[in-house]
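Structure assessment
Listed here are the chains, written in short residue letters.
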Amino acid sequence: MSSPAFTAVETATQRGLIGCHRCSAVWEGAAHGQRCGRCGTRLHVRKPDSIRRTWAYLISAAILYLPANLLPVMITRSLLGTQQDTILSGVIYFWVSGAYGLAALIFVASFLVPLFKLSALVLLTWSAQRGSDWRQHERAGLYRMLEAIGRWSMLDVFVVAVLAGLVRIHGFAEISAGVGIAAFGSVVVLTMLASLSFDPRLTWDVRPRRTRAAGPNSARTTMTTPAGMPATGGLPGPEGTGSKA
Amino acid sequence: MREIPDAIVCEGCDAVFRRVPLRSREVSRCPRCGTELERQQRSDGARLLPLTVACLILFVIANCFPIVAIELQGLTSRTTLVGAVIALSSEGMSPVALLVLATTIFFPLLQLCILVYLLVPMSYERRPAGFSVLVNALQALQPWGMVEVFLLGILVAIVKLSSLAQVIAGPALWAFIALTVLLTAVLSFNPHSFWHMAFKPKETPT
């Protein structure tokens, strides 16, 4: 449900404008696929095939999420024998040895964040595909959060890389990377690609349902701009220009 | 096709607004979805260039010296970042090695080099060749440089080993810490601003 205050906002699509996603120049009367006159990037009303691409990345990431968590990410060979660690067994090791903070950090970065990212992106893509107007403001916030936290899941890949490079005392202790880390790295990259290919503007493209009359929330009510009218005349200004510390 | 110079389109929800002039360090946000519309950067080219050069120097130090060393019963073992990448690829983990190489060495280095290449001519009000391609590349690279995540990875690895062996911090570790701080300052500069820097002088003759 979008609050009534947001219905006054007019979108670029309704006004027949396209904003370049690279240099943010705004063009009037530009066709989809035409090149931006400033930076030469192709202009798109929405990212092309956004929903389909996002689904493809998400499904691949979800499939790889299983081997990433089940297969060993690190193999330790020492005088005491060979030990294979998965991501969760590494967390348990830290927890048992008393490093609770570190255990929590790895658990969040390596297990919760990828899982959260996958499910949140499924939710975002699914509701955008349906053209739903459900909690649009929260969905927009969720997307911005996903973009910020996604990269931190790479933590475990780097830990294994450093350990594999560092611990190579032949005969005494040797650490090498397991197959799981390749799957894990792929999950991180695929979810990052998924969130990059998702177009957040789709969250706001509400389709009127067939059973309901097109309400004031409908994005398709005023598609046309009268020709000759100054396109930026009467545009509202952005809210809250607060200074940042 | 006609440019509308005083309009701004929200990247998050496609809403159109009139561009308002911002004071230093002000940020405008979309009232509908909360996405950042525009930010008045405090640091323009003049301040950014020395920071970028400092980053490049730290980057070289961070990659030439060992990050950490361990000592176990008189035997020592140490590694550099490149050493870790080579170790991974020699174990048949070439895709992972490539991922680490790209996110911690190749992409950040490329970002820094592009910044220097763009900033030097722009301090003389000149637009270098390949300007739009490079600014686009800078924006595309932004999510993929992960030096700060790598630093956290080093610290976790150190804690992990500290119960098993004696861990000695190498010079590159300090370089990585300094690099992370400086790189955060440098990369908080939004590449979008290059477009404003390059196209502003024409628009404001007054």
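Residues numbered from 1 in each chain as written. Chains lettered and ligands numbered in written order. Predicted model: local features only at pLDDT ≥ 70, side-chain atom pairs only at ≥ 80, totals over all residues.

It is worth spelling out the overall build of chain A at this point. Across its full length, chain A holds seven helices and seven strands. For chain A, the N- to C-terminal ordering of α and β elements is α-β-β-α-β-β-α-α-α-α-β-β-α-β. Pairs at least 24 apart in sequence give 64% of the contacts found in chain A among residues at least 6 apart. (Helix = DSSP H or I, 4+ residues; strand = E, 2+ residues; numbered from the N terminus. Contact = placed C-beta atoms within 7 Å.)

Here we come to the overall build of chain B. A tally of regular secondary structure across chain B gives seven helices and eight strands. Based on the C-alpha atoms only, the size of chain B along its principal axes is roughly 75 × 40 × 30 Å. In chain B, which comprises 206 residues, the share counted as buried stands at 37%. Within chain B, residue pairs in contact and separated by at least 24 positions form 62% of the contacts whose partners lie at least 6 positions apart. (Buried ≥ 20, exposed ≤ 12 C-beta atoms within 10 Å, placed from the backbone.)

Attention now moves to the interface of chain B and chain A. On the side of chain A, 75 residues touch chain B, which itself brings 67 residues to the contact. Per-element tally for the side of chain B that touches chain A: the top contributor is helix α5 (residues 147-162) of chain B, with nine residues. Relative to strand β1 (residues 2-3) of chain B, strand β2 (residues 26-28) of chain A is paired through two bridges, and the arrangement is antiparallel. Residue Glu28 of chain A lies in a different strand from β1 of chain B, and its bridge partner there is Arg2 of chain B. (Pairing = 2+ DSSP bridges.)

Let us look at the domain arrangement of chain A. As assigned here, chain A comprises domain 1 (10-45) and domain 2 (49-204). In this structure, domain 1 of chain A and domain 2 of chain A have C-alpha centres spaced 35 Å apart. (Domains from an automatic or database assignment.)

What follows covers the domain arrangement of chain B. Structurally, chain B comprises domain 1 (1-40) and domain 2 (42-203). For domain 1 of chain B and domain 2 of chain B, the distance between their C-alpha centres works out to 30 Å.

If you walk across this open sheet you meet the three strands as β1(A)-β2(A)-β1(B), and the pairing is antiparallel. Only two strands of the sheet have a single partner each, and these edge strands are β1 (17-19) of chain A together with β1 of chain B.

To continue, consider the nonpolar core. Among the nonpolar cores identified, the biggest contains 122 residues, and Val157, Phe158, Val160 and Leu163 of chain A together with Leu88, Val96 and Val100 of chain B are the most heavily contacted of them. Non-local contacts of Val160 of chain A, meaning those with residues more than four positions away in its chain, are made with Val73, Met74, Ala177 and Ile181 of chain A. (Core = buried A, V, L, I, M, F, W, Y, C linked by C-beta atoms within 7 Å.)

This part takes up the sheet that holds strand β8 (residues 166-169) of chain B. Residue and element names in this part refer to chain B. Strands sit in the order β7-β6-β8 across an open sheet of three strands; the sheet is antiparallel. Single-partner strands in this sheet number two, and they are β7 (75-79) and β8. When strand polarity is set aside, the average angle formed by the axes of neighbouring strands in this sheet is 20°. Pairing between strand β6 (residues 68-72) and β8: four bridges, direction antiparallel. Its bridge partner being in β8, Ile70 is matched across the sheet by Val167. (Axes fitted to C-alpha atoms, helices over the stretch in contact; angles between N-to-C directions.)

Attention now moves to the pairing of strand β5 (residues 36-39) of chain B. Where strand β4 (residues 26-29) of chain B lies against β5 of chain B, three bridges are found, and the strand directions are antiparallel. Residue pairing for β5 of chain B: Ser28 of chain B is matched across the bridge by Glu38 of chain B.

Attention shifts here to helix α7 (residues 179-197) of chain A. The end-to-end C-alpha separation of α7 of chain A is 27 Å, in line with the 27 Å expected for 19 residues at 1.5 Å each. For α7 of chain A, a buried count of 16 out of 19 residues is recorded, marking the element as mostly surrounded by other parts of the structure. (Expected span 1.5 Å × (residues − 1).)

Turning our attention to the packing of helix α2 (residues 50-70) of chain A against α7 of chain A. All names here are of chain A. In the contact formed by α2 and α7, the axes pass within 8 Å of each other and the chain directions differ by 160°. Overall, the two elements α2 and α7 adopt an arrangement that is roughly antiparallel. Crossing of α2 over α7 shows left-handed handedness. Counting all contacts with α2, which are made through Ser50, Arg53, Thr54, Tyr57, Leu58, Ser60, Ala61, Leu64, Tyr65, Pro67 and Ala68, the residues of α7 involved are Gly180, Ala183, Phe184, Ser186, Val187, Leu190, Thr191, Leu193, Ala194 and Ser197. Taken together, the residues that form the contact of α2 with α7 break down as 13 nonpolar, seven polar and one charged. (Parallel < 35°, antiparallel > 145°, perpendicular 65-115°, else oblique. Left-handed = near helix turned anticlockwise from the far one by under 90°. Nonpolar A, V, L, I, M, F, W, Y, C, P; charged D, E, K, R; others polar.)

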